[in-house]
Amino acid sequence: MERSSWSVKNEEVAEELSALMGVSDEDVGHLTALEDAAREQARPMTDDFYDRLFDHENTKEYFEGHSMDRLHGMIGDWFVELFGGDYGADYVQDRLKIGHIHVKIGLPVRYPIAMMDVVGKHGEIVTAQSDNPEAAKEAFKKIMALDVAVFYQAYEDNQLKHLSELVGGERLARRLLMG
Ligand code: HEM
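This report concerns the structure included in the present document. Computed from a predicted structure; not experimentally measured.

Scoring rules and cut-offs
- Residues numbered from 1 in each chain as written.
- Predicted model: local features only at pLDDT ≥ 70, side-chain atom pairs only at ≥ 80, totals over all residues.
- Heavy atoms only, no water.
- Helix = DSSP H or I, 4+ residues; strand = E, 2+ residues; numbered from the N terminus.
- Rg over C-alpha atoms; globule rule 2.2 N^0.38 Å.
- Buried < 20%, exposed > 50% of the residue type's maximum accessible area, 1.4 Å probe, protein only.
- Contact = heavy atoms within 4.5 Å.
- Areas by Shrake-Rupley, 256 points an atom, 1.4 Å probe, with all protein chains shown as cover.
- Axes fitted to C-alpha atoms, helices over the stretch in contact; angles between N-to-C directions.
- Parallel < 35°, antiparallel > 145°, perpendicular 65-115°, else oblique.
- Left-handed = near helix turned anticlockwise from the far one by under 90°.
- Nonpolar A, V, L, I, M, F, W, Y, C, P; charged D, E, K, R; others polar.
- Expected span 1.5 Å × (residues − 1).
- Polar contact = N/O pair within 3.5 Å; in protein donor to acceptor, adjacent residues only side chain to side chain.
- 1 Å grid on protein atoms, 1.4 Å probe; cavity = no way out; pocket = protein on both sides within 12 Å on 5 of 7 lines; lining within 4 Å.
- Points joined across faces, edges and corners; volume = space filled by probe spheres on them.
- Donors = N, O, S within 2.8 Å, 3.2 Å for Na, K, Ca; no water.
- Salt bridge = Lys/Arg side-chain N within 4 Å of Asp/Glu carboxyl O.

On to the overall build of the protein. What the protein contains, in helices and strands, is 10 helices and zero strands. Element order for the protein, N to C, with α for helix and β for strand: α-α-α-α-α-α-α-α-α-α. For the protein, the C-alpha radius of gyration of 18 Å lies close to 16 Å, the compact-globule estimate for 179 residues. Counting the 179 residues in the protein, one finds 37% classified as buried. A separation threshold of at least 6 residues defines the contact pool for the protein, and within that pool the share at least 24 residues apart is 79%. Put simply, the protein shows about 10,400 Å² of open surface, and 51% of that area lies on carbon and sulfur atoms.

What follows is the structure, encoded as structure tokens:
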């Protein structure tokens, strides 16, 4: 059995997921109005983010030898882009690349997914400053869900690619992954 979702690849998931979740022009307007507020919130968010990861040995060890200033800046920008208003193919392509960077360092996917808790908490501090906080919060949740999906997609793409190479085709690889 084939599923039509299997043919959606790479940045094509932008359009597919936007449609699935119904990201509207109003959603985009609520979020872009908050871009400056998000920039203000970026450092508190990254402080919380790295405090949490440095409190646990299993996550802390990934940062040995990395410039934390650089990482604060990069994840701060990632956070502000959630309010950037452009969630098309380029956005998804960039986010997939970020996901792949985490695949490449051997990071189990449960950690980035769990860290969306911190992202969500600070996102809601930002959306509370909107003229229409409820609508802004709903819009923010949609984009965060898109980002969770794309992060996970990077991991799944990697598994499917390697398994497909090993067994000589994606169709068989998918069947194997179905258990
Ligand atoms: C919401 C979850 C996360 C987001 C949005 C995120 C975002 C980012 C971004 C934007 C970068 C810079 C990528 C680049 O160089 O272009 C990065 C790098 C990195 N992240 Fe994350 N990250 C997340 C979770 C984690 C977790 C849980 C860990 C480890 C426990 C981690 C470890 C790292 C490391 C070690 C790098 C540097 C990789 C390298 O340069 O080789 N990240 N992350």
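Our focus in this paragraph is the packing of helix 3 (residues 35–54) against helix 5 (residues 68–81). With their axes 8 Å apart at the nearest point, helix 3 and helix 5 run at an angle of 130° to one another. Relative to helix 5, the element helix 3 is oriented oblique. Taken as a pair, helix 3 and helix 5 cross one another with a handedness that is right-handed. Between helix 3 and helix 5, the residues in contact are Glu35, Ala38, Arg39, Gln41, Ala42, Arg43, Met45, Thr46, Asp47, Phe49, Tyr50 and Phe54 and Met68, Leu71, His72, Ile75, Gly76, Asp77, Phe79 and Val80, respectively. Broken down by class, the residue content of the contact of helix 3 with helix 5 amounts to 11 nonpolar, four polar and five charged.

Our focus in this paragraph is helix 8 (residues 116–127). When the terminal C-alpha atoms of helix 8 are compared, their 16 Å separation across 12 residues agrees well with the 16 Å that a helix rising 1.5 Å per residue should span. Every buried residue of helix 8 is listed here: Met116, Val118, Val119, Gly120, His122, Gly123, Val126 and Thr127. Buried residues along helix 8 sit against helix 3, helix 5, helix 7 (110–114) and helix 9 (133–167).

So, about the side chain of threonine 46. Relative to the helices and strands, threonine 46 resides in helix 3. There is a polar contact of 2.7 Å between the side chain of threonine 46 and the side chain of histidine 72. The residues touching threonine 46, leaving out its near neighbours within four places in the chain, are His72, Ile75 and Gly76.

A volume near 770 Å³ is recorded for the largest pocket. Lining the largest pocket are 27 residues, with Tyr50, Leu71, Ile98, Ile101 and His102 sitting closest to its centre. Here the lining of the largest pocket gets seven residues from one element, more than from any other, and that element is helix 5. Each residue belonging to the lining of the largest pocket can be placed in one class, and the counts come to 19 nonpolar, three polar and five charged.

To continue, consider the coordination of the iron atom of the ligand. Of the protein atoms, His102 (NE2) alone serves as a donor to the iron atom of the ligand, at 2.1 Å. Checked against the element boundaries, histidine 102 lands in helix 6 (residues 89–104).

Pairing between side chains of opposite charge can happen when the charged atoms of each approach one another. Across all of its chains, the model carries 13 salt bridges by this definition. Among the salt bridges present, the one from lysine 121 reaches aspartate 48, with a minimum N-O distance of 2.9 Å. Of the two residues, lysine 121 is situated in helix 8 and aspartate 48 in helix 3; the sequence distance between them amounts to 73 residues.

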